[in-house]
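# Residue-level structure breakdown
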Amino acid sequence: MAKDKTQFSCSECGGSSPKWLGKCPHCGAWNTLQEVRAESATAHRFQSLSGAQPVATLSEIVATELPRTPTGQEELDRTLGGGIVPGGVVLIGGDPGIGKSTLLLQAADSLSKQLPVLYITGEESGAQVALRARRLGLDGRQVRVLAEIQLEKILFALQTEGPAFCVIDSIQTLYSEALTSAPGSVAQVRECAAQLTRHAKSAGTSLVLVGHVTKDGALAGPRVLEHIVDTVLYFEGDTHSSFRLVRAIKNRFGAVNEIGVFAMTEKGLKGVANPSAIFLSTHGTPVPGSCVLVTLEGTRPLLVEVQALVDNGGPSPRRLSVGLERDRLAMLLAVLHRHAGVSCMDQDVFVNAVGGVRISEPAADLAVLLAIQGSLRGKALPRGFVAFGEVGLAGEVRPAPRGQERLKEAAKLGFSVAVVPKANAPKKAIEGLTIHAVERIEEAIEAVRSLA
Ligand code: TYD
Ligand code: MG
């Protein structure tokens, strides 16, 4: 079989070269040449447009709501925006062993009761998939399984089987004959994903690509896939705890930042309906250095405990954070020092978000500061205490979006005292919740002191 021509293209300047070189001959950048498939030049590029789509006015285009099929996993559907969409391509990333294959097999099994489903595995054999299905107690009789890693054969199988829902586990194991680079290389991953996506769109197949994540948290192949697909989901959570979060990073068919919460059990992943409970550790009596915050994940307020430990450090004290941004921590310590006169200069500061959750919103600032202050002073916050709010460099406490919802969720879960930004203070009292509205961090610290 004749191979298609390949060439090497520079990821910096886009220049091309017929063979691989360490240094780009055009811009001089090192190690930027990547193998790509050469586009065959067509002679009449602008003439054969007879079959092309005419240009239309937006109002003339009939926009039909796409039908969604629920996957049977309520938490997964939440992140997908209601279910799978014909022709929709989902990329699901996460560390090895976090539960991607498990979740997708469960979804495939329940979808197979209404749709033709194909599960393509490149990492495991068919027998291993069958064994897992049995262990999960899935019926799985209608799920078609193919153990294959060659793209051309997979495309052929997709054509002959015509599944409505197809899982590719994983995109990094696939290779196309047209390219000479190894499976998992950027060129292969991009080529395979692009071809599969094209097929999914034309055939109306709902496709899920599983992707592995590199050590620095990016999907292997510098995010090459994220713009090709419609939806990007990430698995989060540490493999030591049984809780897993699935977060939507991008979604052309729904809202982003929605999360689904699962617990890994012997029978696979089970949705958790009330996730706040798992991100709060259970202290009998309140302990110093712990503060609960209400964070907003998509449309869902979530109560998460932040813990801080401030301890005598050496000449170069450490600042470490798990689940929160470290740069933000350094900034908060500076604000705390400058505006509230609380110094952690010669102290090690460790901050952790309980339950392996990752919090990126600035509304966590106030709770982090109060936890640090509590640990430093050895004073616990009162029982049933929550806080949220962004802290600015000038020491001001800025409002967080959707404050009312956060407070209502806290009240629902039995919290009784809240320190919140002034602009988030509700006009009408919330039953069972005493609210201290503050404008500056000094006020917040003062409010906490008066409560103790
Ligand atoms: P898996 O879905 O294979 O992870 P990934 O595809 O993301 O690499 O999940 C594997 C882990 O989940 C493995 O460590 C065992 C655990 N597990 C359970 O705890 N219960 C189960 O029912 C299954 C199938 C797996
Ligand atoms: Mg797997």
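Note: the structure precedes this text.
It should be emphasised that the depicted structure is a prediction, and the values quoted were computed from it without experimental measurement. (Residues numbered from 1 in each chain as written. Chains lettered and ligands numbered in written order. Predicted model: local features only at pLDDT ≥ 70, side-chain atom pairs only at ≥ 80, totals over all residues. Heavy atoms only, no water.)

### Re the sheet that holds strand E2 (residues 16-17)
What counts here: In this description, strands pair whenever DSSP reports at least two bridges between them. Each helix is a run of H or I in the DSSP string that is no shorter than four residues. Each strand is a run of E no shorter than two, and both are numbered from the N terminus.
A sheet is described by the order of its strands in space; here 3 strands give the open sequence E2-E1-E3, paired in antiparallel fashion. Looking at the sheet topology across the chains shown, the edges are occupied by E2 and strand E3 (33-37). Two elements, strand E1 (residues 6-10) and E3, share 5 bridges in a ladder whose sense is antiparallel. Bridging from a neighbouring strand, cysteine 10 pairs with leucine 33 of E3.

### Some points on helix H3 (residues 126-135)
To keep it simple, the criterion reads: We call a residue buried when its accessible area falls under 20% of the maximum for its residue type, exposed when it is over 50%, and partly exposed in between, using a 1.4 Å probe and counting protein chains only. Relevant arc is that of directions from the helix axis to the C-beta atoms, nothing else. Every residue pair with non-hydrogen atoms within 4.5 Å of one another is taken to be in contact.
Listed in full, the buried residues belonging to H3 are Val129, Arg132 and Ala133. What you see down the axis of H3 is that its buried residues fit within an arc of 100 degrees, all on one side. Turned more than 90 degrees from where H3 packs its buried face, Ala127, Leu131, Arg134 and Arg135 sit exposed. On its buried face, H3 is in contact with helix H2 (100-111), strand E5 (117-121) and strand E6 (143-147). The first or second residue beyond H3 is glycine 137, which carries a positive phi of 70 degrees.

### Remarks on the side chain of glutamate 361
Note the following rule: Counting of polar contacts relies on pairs of N or O atoms within 3.5 Å, with two restrictions inside protein: one atom must be capable of donating a hydrogen and the other of accepting it, and residues adjacent in sequence are counted only when both atoms are side-chain atoms.
Assignment of secondary structure puts glutamate 361 in the loop between strand E16 (347-353) and helix H7 (365-377). We classify glutamate 361 as buried; its relative accessible area is 18%. Within the structure, the side chain of glutamate 361 is placed 3.1 Å from the backbone nitrogen of leucine 296, a separation counted as a polar contact. The contacts of glutamate 361, once residues within four sequence positions are left out, are Val294, Thr295, Leu296 and Arg406.

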